[in-house]
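Each chain is listed here by its residues.
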Amino acid sequence: MAFAGEVAWITGASSGIGAAMARALAAEGAHVILSGRNEEALAEVAADCAKSNATALVLPFEATDHPAGLAAAEQAWAWAAERSGGIDILFNNAGISQRSLAIDTDYAVYERIIAVDLLAPIALTQAVLGRMVARGKGRIAMVSSVAGKVGAPMRTAYSAAKFGLIGYADALRTEVTGEGLQVHVIAPGSVRTNVSRNALNADGSRRGVSDKAIDKGLDPADAAAAILAAMAAGEREIIVARGFEQEIGEACRTPEAIFDKMAAMVANGYAKKMEQASVE
């Protein structure tokens with residue numbers, strides 16, 4: 001029960017990996033804040049969490065609405081502070097995928113996917129980061145994808161956003177490791193969710209059908225259990241996949257020694273040296 005008594009804020013919590021993570025954390029004795037756009041579905045997940053005697057706050061908002069996100073962060077932190085002193089885990093899971101060739105894809109599709117999959121989680125992280133650092137503890141989990149480790153066909157916008165999310169998370173980790181925070185990058189392969197049905201076509205319309213790979217993918221509950229176990233073990237890059245997807249994810253895994261070296265740069269005064277150089 002590594003997360004008992006902690007507060008976890010989960011985006012994209014109405015279904016799929018997000019809902020499974022909420023239920024798994026609740027079963028471990030954590031309190032959960034559930035965000036997404038579908039308030040009715042969030043309420044159903046909250047009811048499931050209550051069966052484990054966990055308290056849950058339903059906090060719906062549109063991920064790309066920055067003022068709404070900032071307001072949600074204030075409400076989430078206040079609720080969390082009453083239970084554990086603050087938000088212990090920020091689980092950035094909300095996202096949208098794509099199924100179209102680049103040559104056919106409207107630019108608006110790139111804007112939408114990057115706004116949801118990259119800028120929204122960065123904005124939410126920035127909204128709570130200062131308070132996490134002030135507490136000297138906390139976990140930030142970014143749900144990227146195997147497609148964020150290797151470029152995937154018909155997913156140029158999705159891969160661009162998910163690669164960017166990993167870049168932000170890895171750079172952030174170098175800065176906050178010495179402050180007591182942990183940053184986890186999660187790269188799932190195919191998981192049985194609505195990701196393909198909700199993916200955007202070339203014109204930005206909803207695809208509406210699933211993929212065979214998704215339908216045969218990991219059960220969300222199994223994926224959530226694997227993610228939580230890896231987070232509890234302190235893993236920084238967590239690949240949750242099977243078969244070929246696992247093979248390519250592992251082939252592109254960042255060596256642990258690199259994470260250590262980058263964090264050591266900051267610990268050895270890199271940021272202060274850069275600040276001094278700019279003054280001189």
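Caption draft 1: Quick look at unusual backbone geometry. With a phi angle near 65°, Asn53 is a residue other than glycine that sits in the positive phi range. Relative to the helices and strands, Asn53 resides in the loop between helix 2 (39-50) and strand 3 (56-58). Positive phi, close to 65°, is recorded for Met154, a residue that is not glycine. Looking at the element boundaries, Met154 is found in the loop between strand 5 (138-143) and helix 5 (156-176). Given a relative accessible area of 37%, Met154 falls into the partly exposed group.

Caption draft 2: Quick look at the nonpolar core. Grouped together as the largest cluster of nonpolar side chains are 40 residues, with contacts concentrated most on Trp9, Ile33, Ile87, Val128 and Met132. Looking at this core, the elements that each hand over two or more residues are strand 1 (7-10), helix 3 (66-81), helix 4 (107-135), strand 5, helix 5 and strand 6 (181-188). The leading source of residues in this core is helix 4, at 11 residues. Sequence-distant contacts of Ile87, that is, excluding residues within four places in its chain, are made with Val7, Trp9, Ala76, Trp77, Ala80, Val128, Met132 and Arg135. Met21, Ala22, Ala223 and Leu228 belong to the second largest nonpolar core, which has 34 residues in total.

Caption draft 3: Fine view of the packing of helix 4 against helix 5. The contact between helix 4 and helix 5 brings their axes to 8 Å, and the two run at 15°. Classified by the angle between their axes, helix 4 and helix 5 sit roughly parallel to one another. Between helix 4 and helix 5 the crossing geometry is right-handed. From helix 4, Tyr110, Ile113, Ile114, Asp117, Leu118, Pro121, Ile122, Thr125, Gln126, Leu129 and Val133 reach across to helix 5, where they touch Thr156, Ala157, Tyr158, Ala161, Lys162, Gly164, Leu165, Tyr168, Leu172 and Val176. Taken together, the residues of the contact of helix 4 with helix 5 sort by class into 15 nonpolar, 4 polar and 2 charged.

Caption draft 4: Quick peek at the sheet that holds strand 2 (residues 31-34). Read across the open sheet, the 7 strands follow the order 3-2-1-4-5-6-7; overall the sheet is parallel. Of all the strands in the sheet, just strand 3 and strand 7 (237-240) have a single pairing partner and so form its edges. Taken over all neighbouring pairs, the strand axes of this sheet differ in orientation by 15° on average, direction set aside. Bridge count between strand 5 and strand 6: 6 bridges; the pairing is parallel. If you follow Ile140 over to strand 6, its bridge partner there is Val183. Relative to the sheet, helix 1 (residues 16-27) contacts strand 1, strand 2, strand 4 (89-92) and strand 6, its axis offset from that of strand 1 by approximately 170°.

Caption draft 5: Layout of the side chain of Asn93. Considering the arrangement of structural elements, one finds Asn93 in the loop between strand 4 and helix 4. By relative accessible area, Asn93 is classed as buried at 11%. A distance of 3.1 Å separates a polar side-chain atom of Asn93 from the backbone oxygen of Gly12. Dropping the residues within four chain positions of it, Asn93 is found in contact with Thr11, Gly12, Ile17, Gly18 and Val143.

Caption draft 6: Structural view of the packing of aromatic side chains. Applying the stated rule across the entire model yields 1 aromatic pair. Seen in terms of ring centroids, Trp9 and Phe61 are 6.3 Å apart; in terms of plane orientation they differ by 55°. Their pairing is tilted. Note that Trp9 is positioned in strand 1 and Phe61 in the loop between strand 3 and helix 3, a separation of 52 residues in sequence. One exposure class covers both Trp9 and Phe61, and it is buried. Here Arg83 stacks its cationic end above the ring of Trp79, 3.9 Å away from the centre of that ring. If you follow Arg173 out to its NZ or CZ, it ends over the ring of Phe259, 4.5 Å from the centre.

Caption draft 7: Representation of the side chain of Gln98 within the structure. Looking at the element boundaries, Gln98 is found in the loop between strand 4 and helix 4. We classify Gln98 as buried; its relative accessible area is 0%. A distance of 2.8 Å separates a polar atom in the side chain of Gln98 from the backbone nitrogen of Ala157. Engagement of the side chain of Gln98 in a polar contact is seen with the backbone nitrogen of Tyr158, the distance being 3.4 Å. Not counting residues within four places of it along the chain, the set of residues in contact with Gln98 comprises Thr105, Ile113, Met154, Arg155, Thr156, Ala157, Tyr158, Ala199 and Leu200.

Conventions we followed
- Residues numbered from 1 in each chain as written.
- Predicted model: local features only at pLDDT ≥ 70, side-chain atom pairs only at ≥ 80, totals over all residues.
- Heavy atoms only, no water.
- Helix = DSSP H or I, 4+ residues; strand = E, 2+ residues; numbered from the N terminus.
- Buried < 20%, exposed > 50% of the residue type's maximum accessible area, 1.4 Å probe, protein only.
- Core = buried A, V, L, I, M, F, W, Y, C linked by side-chain atoms within 4.5 Å.
- Contact = heavy atoms within 4.5 Å.
- Axes fitted to C-alpha atoms, helices over the stretch in contact; angles between N-to-C directions.
- Parallel < 35°, antiparallel > 145°, perpendicular 65-115°, else oblique.
- Left-handed = near helix turned anticlockwise from the far one by under 90°.
- Nonpolar A, V, L, I, M, F, W, Y, C, P; charged D, E, K, R; others polar.
- Pairing = 2+ DSSP bridges.
- Polar contact = N/O pair within 3.5 Å; in protein donor to acceptor, adjacent residues only side chain to side chain.
- Phe/Tyr/Trp six-rings, centres within 6.5 Å; stacked < 30°, edge-to-face > 60°.
- Lys NZ or Arg CZ within 6 Å of the ring centre and 35° of its normal.

In short, geometric facts, not functional conclusions.
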